[in-house]
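Residue-level structure breakdown
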There are 2 protein chains.
Amino acid sequence: MQTDHLSAKFAALADPTRRAILARLALGETSVTELAEPFKMSMPAVSKHLRVLERAGLIARGREAQWRPARIEPEALQEVDRWLEEYRRLWNARLDRLEDYLNELQAAEQPKPARKPVAKKAGAKRGRKS
Amino acid sequence: MQTDHLSAKFAALADPTRRAILARLALGETSVTELAEPFKMSMPAVSKHLRVLERAGLIARGREAQWRPARIEPEALQEVDRWLEEYRRLWNARLDRLEDYLNELQAAEQPKPARKPVAKKAGAKRGRKS
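Below is a summary of the structure that appears in this document. (Residues numbered from 1 in each chain as written. Chains lettered and ligands numbered in written order. Predicted model: local features only at pLDDT ≥ 70, side-chain atom pairs only at ≥ 80, totals over all residues. Heavy atoms only, no water.)

1. Comments concerning the relation of the copies chain A and chain B
For the pair of chain copies, the relating transformation is a rotation about an axis with a translation along it. Overlaying chain A with chain B gives an RMSD of 0.1 Å, the required rotation being 180° about an axis along which the chain moves by 0.0 Å. Put plainly, the chains are arranged around a two-fold axis. An overlap of 100% is found between the interface residues of chain A and their copies at the interface of chain B, pointing to a shared contact surface. (Least-squares fit on C-alpha atoms with pLDDT ≥ 70 in both. Contact = heavy atoms within 4.5 Å.)

Here is the structure:
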């Protein structure tokens, strides 16, 4: 079955061990032997996870037959980031509406002096991205 | 098999039909019948995808037995966004190094007048998030 690139990435990330391997590789490239140790996994098991990550484009491997160091390809995650962009807008819009609503509630609670909305530009507070 | 929340989300997103359903729900809540039409899928097939999305927390469904409208829960994707954050830093750092290198190359090409690096704050150009 052929899967599209983005699906392959999401599928590769849908495993805690593979995400842990990525986190380890974010610190620097390493060999399968070194990777297998902290995970208490057999080398074939680690190799299998690396193949999934490699096929998804999330890591690349060296050519040396014996010591094929794996390194992360973080740029491959930009596709996931771009996919998220639309939904990021959606959740920010929702949070804005919630904020407006809370401001209205607060304003209604203190009838005088004239409605003074609570600090409005709170986008930064939740680390808005766009 | 028990899967952690983040893995369940990635697994749910690893399917183009489920991502298309999410994109449709981003426009507003809708019934299974309405969802099934554009996708040319049977209702049971759509229901199955909705169950995967629901279990991952990416959508919620109404209580009405007949018409159980599905709606997106975009906030659930913030967990994916937070996971990406570390790697976003990594790819930005890489792009910065690449930029520095290109600047050095350019500077080397035009020996005079004294090195004038190309616009340095190019973070915005690639939509840097942090």
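2. What to know about helix H4 (residues 43-55) of chain B
All names here are of chain B. Here H4 spans 18 Å end to end across 13 residues, near enough to the 18 Å set by a 1.5 Å rise per residue. Every buried residue of H4 is accounted for by Val46, Ser47, His49, Leu50 and Leu53. One face of H4 carries all of its buried residues, which in axial projection span an arc of 165°. What points out from H4, more than 90 degrees from its buried face, is the exposed set Pro44, Lys48 and Arg55. Tucked into the core, H4 has its buried residues touching helix H1 (5-13), helix H2 (16-25), helix H3 (32-39), strand S1 (59-61) and strand S2 (70-72). Here H4 starts with a cap whose side-chain oxygen sits 3.2 Å from the backbone nitrogen of Ala45, and that cap is Ser42. Phi turns positive one or two residues past the end of H4, at Gly57, with a value near 80°. (Helix = DSSP H or I, 4+ residues; strand = E, 2+ residues; numbered from the N terminus. Expected span 1.5 Å × (residues − 1). Buried < 20%, exposed > 50% of the residue type's maximum accessible area, 1.4 Å probe, protein only. Arc of directions from axis to C-beta. Polar contact = N/O pair within 3.5 Å; in protein donor to acceptor, adjacent residues only side chain to side chain.)

3. Here we look at the pattern of salt bridges
Inspection of the entire model under this criterion finds 14 salt bridges over all chains. Put simply, Asp4 of chain B and Arg19 of chain A hold a salt bridge, and the shortest N to O gap is 2.8 Å. Placement of Asp4 of chain B in the segment before H1 and of Arg19 of chain A in helix H2 (residues 16-25) is noted, with the two residues assigned to different chains. Residue Arg71 of chain A pairs with Glu73 of chain A through a salt bridge whose shortest N-O separation is 3.3 Å. Classification of Arg71 of chain A by relative accessible area gives partly exposed; the value is 36%. (Salt bridge = Lys/Arg side-chain N within 4 Å of Asp/Glu carboxyl O.)

Read these as spatial facts, not as claims about activity.
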